[in-house]
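# Observations on the three-dimensional arrangement
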Amino acid sequence: MTALTAPFTASLPRLSEQETAALNDLYRRGTPENTLRAYERDLVYIAAWKRTRLDAGLTWPEDETTALLFLLDHSRDLGPADIADPARGTAETLIAAGLRRSLACPAPASLDRRIASWRSFHRMKGLASPFDSPALRQARAKARRANARPRAQKSANPITREVLTALLDTCGPGLRGIRDRALLTLGWASGGRRRSELARLRREDVDLSEFDSQTRLWIQLVQTKTTDAGGTPKLILQGMTARALVAWIDAAEISDGPLFRPISRAGRALPRGLSAEALRHILRQRLVQAGLPADFASAHGLRSGFLTQAALDGVPVQAAMRLSLHRSLAQAARYYDDIDPAQNPAARLLEPPE
């Protein structure tokens, strides 16, 4: 792992050798890359806040007074009336450094994530976190209620079956179309996979032993956001999804290595894997080709679309979770709650089946 650097001016702190060592330790123990990057960003932010606000570096364990001050500074808007407030001066410094967006109260989810990162480092060091104290827990609960906001969607729209079909109709017979068809159908039908999960897939993760006899195959994800390495169950792909993936594997002549790959100008699959960012661009291109705005949906729309379609089709949420790999029933059920009540199949239980 390369040395970690902080994206702000020299007057603000960089991570110490101790924090860098801690991050490297997390990396060696299998923390997902996206989580590791979030830990790094959060710890850099917290270190910069404390250096600017209190002219001090991070300490382990952190004292409750500092933790409470951090909570209070990030639980309110900092307007013109706060011109002499040290919290505003600190916020302006962080904004100038590119670490904070505005003087408005940060979203509760952002504050929760930073606190969770701070707590994680305490746990890793075997130390009690100040945020576990009753006083801090109560203060955090009150701040969360005071700043409650409507839940923001990760994708403007879910990619339901109808939308997915429109995207697949743009995938022609060439190698690029074969790849994108396999990518989109796998990303959707396997439970709504995240970009990072699709980018990490390798040919060795695909079991084709049952394809010829039953037109199905199995995918072994190495790790997801909600599962540990080696603890991810196999996911089944059947029918058109299985056929689309096998068509890509055969056309690109992939025997090992990354499953989804860039295609050269000469029309050949390259040996390296597609990046998560490339997957986002592919989706945007297919949306435009399908006559939809490029920002109609993000890659998370594959995930939300799978669960939304499951709700529309009357699939029990527990069955959908077997593929989406949500650990929280409440979180998965949100997609069921978002559908139009008039489209809820449960509202037609007395009607004879069509």
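Residues numbered from 1 in each chain as written. Predicted model: local features only at pLDDT ≥ 70, side-chain atom pairs only at ≥ 80, totals over all residues. Heavy atoms only, no water.

## Considerations on the overall build of the protein chain
Counted only if it meets this: Strands are runs of DSSP state E lasting at least 2 residues, helices are runs of H or I lasting at least 4, and numbering of each runs from the N terminus. A simple rule labels every residue: compare its accessible area, found with a 1.4 Å probe on the protein chains alone, to the largest value its type can have, and call it buried under 20%, exposed over 50%, or partly exposed in between. Whether two residues touch is decided by their heavy atoms; if any such pair falls within 4.5 Å, the residues are in contact. Each accessible area is a Shrake-Rupley estimate made with a 1.4 Å probe; only the visible protein chains count as cover when residues are assessed.
A count of helical and extended segments in the protein chain gives 15 helices and 3 strands. Here the protein chain holds 354 residues, and the buried ones make up 45% of them. Put simply, of all contacts in the protein chain between residues at least 6 apart along the chain, 63% involve residues at least 24 apart. For the protein chain, the computed accessible surface area is about 18700 Å², with 52% contributed by carbon and sulfur atoms.

## Here we look at helix α12 (residues 276-289)
Our working rule: Each residue after the first adds 1.5 Å to the expected span of a helix. Taken from the helix axis, the directions to the C-beta atoms give the arc we talk about.
For α12, spanning 14 residues, the distance from its first C-alpha to its last is 20 Å, which sits close to the expected 20 Å at 1.5 Å a residue. Among all positions of α12, only L279, I282, L283, R286 and L287 are buried. Angularly, the buried residues of α12 cover 135° about the axis, an arc narrow enough to put them on a single face. Turning to α12, the residues buried within the fold contact α7 (161-168), α8 (175-189) and α9 (195-200). One or two residues past the end of α12 sits G291, with phi positive at roughly 85°.

## Some remarks on the sheet that holds strand β1 (residues 206-207)
What counts is decided by this rule: Two strands make a pair as long as DSSP finds a minimum of two bridges between them. Every angle, taken between N-to-C directions, lies between 0 and 180 degrees, and every axis is a line fitted to C-alpha atoms, over only the stretch in contact when it is a helix.
Strand order in the open sheet formed by 3 strands is β1-β2-β3, with antiparallel pairing between adjacent strands. If you trace the sheet from one side to the other, it starts and ends with β1 and β3 (234-238), each paired once. As paired strands, strand β2 (residues 216-220) and β3 are joined by 5 bridges and run antiparallel to one another. When the sheet's bridge partners are listed, L217 is paired in β3 with L237. Here helix α11 (residues 239-252) sits on the sheet and contacts β1, β2 and β3; the angle it forms with β3, its principal contact strand, is near 95°.

## Structural notes on the confidence of the model for the protein chain
As a general rule, the predicted coordinates of low-pLDDT regions are not to be interpreted in detail. For clarity, the threshold we go by: Each residue gets a pLDDT score, which is the predictor's confidence in that residue and runs from 0 to 100.
Looking at the protein chain as a whole, the pLDDT averages 84, with 82% of positions reaching at least 70. With pLDDT under 50 throughout, residues 1-10 is counted as low confidence; its partners more than four residues away or in other chains account for 21 contacts.

## Focus on the pattern of salt bridges
Side chains bearing opposite charge may pair, as long as their charged atoms lie close to each other. We count it as follows: By salt bridge we mean one thing: a side-chain nitrogen of Lys or Arg within 4 Å of a carboxyl oxygen of Asp or Glu.
Enumeration over the complete set of coordinates arrives at 19 salt bridges. We note a salt bridge from R113 to D42, for which the minimum N-O separation is 2.8 Å. Residue R113 is found in helix α5 (residues 108-124), and its partner D42 is found in helix α2 (residues 33-54); the two are separated by 71 residues along the sequence. Judged by its relative accessible area of 1%, D42 falls in the buried class.

## With respect to the packing of aromatic side chains
Two numbers describe a pair of aromatic rings. These are the distance of the centres and the angle of the planes. We apply this condition: A pair of Phe, Tyr and Trp rings is counted when the ring centres sit within 6.5 Å of each other, with Trp represented by its six-membered ring. The angle between the planes then sorts it: under 30 degrees is stacked, over 60 is edge-to-face, the rest tilted. Should the NZ of a Lys or the CZ of an Arg lie within 6 Å of a ring centre and within 35 degrees of the ring normal, that charge is described as sitting over the ring.
Scanning the entire structure with this criterion turns up 7 aromatic pairs. Here the aromatic rings of Y45 and F70 are separated by 6.5 Å at their centres, their planes lie at 75°, and the arrangement is edge-to-face. Here the residue Y45 occupies a position in helix α2, and F70 occupies one in helix α3 (residues 64-73), the gap between them amounting to 25 residues. Judged by relative accessible area, Y45 falls into the buried class, the value being 1%. We classify F70 as buried; its relative accessible area is 0%. Grouped by ring-pair contacts, the aromatic residues Y45, W49, F70, W118 and F131 constitute a single cluster. Sitting above the plane of the Y45 ring, R114 keeps its charged end 3.7 Å from the centroid.

## Remarks on the layout of surface pockets
Operational definition: We place a 1 Å grid over just the protein atoms. Points where a 1.4 Å probe fits but has no way out form a cavity, open points with protein on both sides within 12 Å along at least 5 of 7 lines form a pocket, and any residue with an atom within 4 Å of a point lines it. Grid points are joined across faces, edges and corners, and a volume is the space filled by probe spheres set on the points. Under the grouping applied here, Gly and all other residues not named as nonpolar or charged are polar, the nonpolar ones being Ala, Val, Leu, Ile, Met, Phe, Trp, Tyr, Cys and Pro and the charged ones Asp, Glu, Lys and Arg.
Estimates place the volume of the second largest pocket at around 280 Å³. In terms of residue count, the dominant contributor to the lining of the second largest pocket is α7 (4 residues). Tallied by class, residues from the lining of the second largest pocket come to 10 nonpolar, 4 polar and 2 charged.

## Digging into empty space enclosed by the protein
Applying the stated criterion across every chain, the model contains 2 cavities of 30 Å³ or more. There is about 80 Å³ of room inside the largest cavity. At the level of elements, α8, α9 and α12 are the ones that each hand at least two residues to the lining of the largest cavity. Of all the elements, α12 adds the most residues to the lining of the largest cavity, at 4 residues.

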